[in-house]
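So you can see what is in the structure, the chains are spelled out below.
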Amino acid sequence: MSDTPTVTARGPITRPAPLRQAVYDALTELIINGSLKPGQHLVEAELAEHLGVSRQPIREALQRLHTAGWVDLRPSQGAFVHSPTAEECAQLLSVRAVLETHSAHGAAEHAGPADVARLWELQQTGLTALAAGDARAIVEANAALHSHITHLSRNAVLAELIPQVDRRVRWYYMPIAKPRGTDAWNEHARIIEAIADGDPERAEQLMRRHTANTTDFYCAQIAAMADRGR
């Protein structure tokens, strides 16, 4: 049984587990879901008050977040949420693309009618979130759909590797969830259709195109933001 707690990032965290890990997880989730935005100054006292803990575990968590690439520590200035670069995005999403295309291929080989029905349910969840304009719900629905495709691939190695990049993918996807949403979910529908038809090559091709489109969209947005900042 895991001794890591379930952490909510919207208020004081519960303590029946290692506090350092709970604080680290909570701050990571706040960054991923956009509550703490890229470039934002992280004030230890404010974070401690928000999570209902002392400043010491916050300080330790910020050090770990810096090592993991979520936070930048600037001498004499403090901690700031890291601002992902286009290069970082391209590198991570290129790795994700390789993993996801293998997942789609395997899912098309193994998915049964009940599996496909579940994919359509997850698709509808995403469309509902998109219609509501809820970026966080869109991101969660997107992650759930891709995760289920991985599950259907019946590939234990993929199931182990993809979660290692999933949290950062969710972080990158948050700012483009709404503007990219309609195209992304239309692409999801075509992928599901290929999986339902038991066509591994087409499912893989569509997933490759889908991940490439997401990468191009995100990198273009990062470049546009950089231009506006000049």
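In this text the structure is predicted, and so the values were computed from the model without any measurement.

1. So, helix α6 (residues 135–152)
If you check α6, its first and last C-alpha atoms are 26 Å apart, about what 18 residues at 1.5 Å a residue would give, namely 26 Å. Where α6 is concerned, the buried positions are A135, I138, V139, A141, N142, A143, L145, H146, H148, I149, T150 and L152. At the N-terminal boundary of α6, the capping side chain belongs to D134, with an oxygen 3.3 Å from the backbone nitrogen of R136. R154 lies just past α6 and shows a positive phi near 60°.

2. Considerations on the packing of α6 against helix α8 (residues 181–196)
One can describe the packing of α6 onto α8 by two numbers: an axis separation of 12 Å at closest approach and a directional angle of 20°. On the basis of their axis angle, the class for α6 and α8 is roughly parallel. The crossing of α6 and α8 is left-handed. Only W185, H188, I191, I192 and I195 of α8 make contact with α6, whose side of the interface consists of I138, A141, N142, L145, H146 and I149. Across the contact of α6 with α8, the residue classes break down as 8 nonpolar, 3 polar and no charged.

3. Topic: the pairing of strand β3 (residues 78–81)
Here 2 bridges tie strand β1 (residues 41–42) to β3, and the two strands are oriented antiparallel to one another. By the bridge assignment for β3, L42 is matched with A79. Pairing geometry for strand β2 (residues 71–74) and β3, over 4 bridges, is antiparallel. Residue pairing for β3: V71 is matched across the bridge by V81. A loop of 3 residues connects β2 with β3, the two strands running antiparallel in sequence, and S76 in this loop sits at a positive phi of about 65°.

4. What to know about the environment of E88
Tracing the backbone through its elements, the reader meets E88 in helix α4 (residues 86–110). Under the relative-accessibility criterion, E88 is labelled partly exposed at 27%. As for E88 and Y172, which are separated by 84 residues in sequence, their C-alpha atoms are 9.9 Å apart. Sequence-distant contacts of E88, defined by excluding residues within four places in its chain, comprise H82, S83 and Y172. Side-chain polar atoms of E88 contact the side chain of H82, separated by 2.9 Å. A polar atom in the side chain of E88 sits 3.1 Å from the backbone nitrogen of T85.

5. Brief notes about the pattern of salt bridges
Counted according to the given criterion, the structure contains 13 salt bridges. R20 is the partner of E60 in a salt bridge, and the nearest nitrogen-oxygen pair spans 2.9 Å. Linking E60 in helix α3 (residues 55–68) with R20 in helix α1 (residues 19–32), this pair joins segments that are 40 residues apart in sequence. E60 sits in the partly exposed class, given a relative accessible area of 24%. Residue R118 is joined to E121 by a salt bridge in which the shortest nitrogen-to-oxygen separation is 3.0 Å.

6. Looking at the packing of α4 against helix α7 (residues 156–173)
Close contact between α4 and α7 brings their axes to 10 Å; oriented N to C, the two are set at 140°. Accordingly, the angle class assigned to the pair α4 and α7 is oblique. Crossing hand, α4 versus α7: left-handed. Side by side, α4 and α7 meet where E88, C89, L92, L93, R96, L99, E100, H102 and S103 of the first sit next to L158, L161, I162, V165, R168, V169 and Y172 of the second. A breakdown of the residues in the contact of α4 with α7 according to their chemical character gives 10 nonpolar, 2 polar and 4 charged.

Definitions and cut-offs
- Residues numbered from 1 in each chain as written.
- Predicted model: local features only at pLDDT ≥ 70, side-chain atom pairs only at ≥ 80, totals over all residues.
- Heavy atoms only, no water.
- Helix = DSSP H or I, 4+ residues; strand = E, 2+ residues; numbered from the N terminus.
- Expected span 1.5 Å × (residues − 1).
- Buried < 20%, exposed > 50% of the residue type's maximum accessible area, 1.4 Å probe, protein only.
- Polar contact = N/O pair within 3.5 Å; in protein donor to acceptor, adjacent residues only side chain to side chain.
- Axes fitted to C-alpha atoms, helices over the stretch in contact; angles between N-to-C directions.
- Parallel < 35°, antiparallel > 145°, perpendicular 65-115°, else oblique.
- Left-handed = near helix turned anticlockwise from the far one by under 90°.
- Contact = heavy atoms within 4.5 Å.
- Nonpolar A, V, L, I, M, F, W, Y, C, P; charged D, E, K, R; others polar.
- Pairing = 2+ DSSP bridges.
- Salt bridge = Lys/Arg side-chain N within 4 Å of Asp/Glu carboxyl O.

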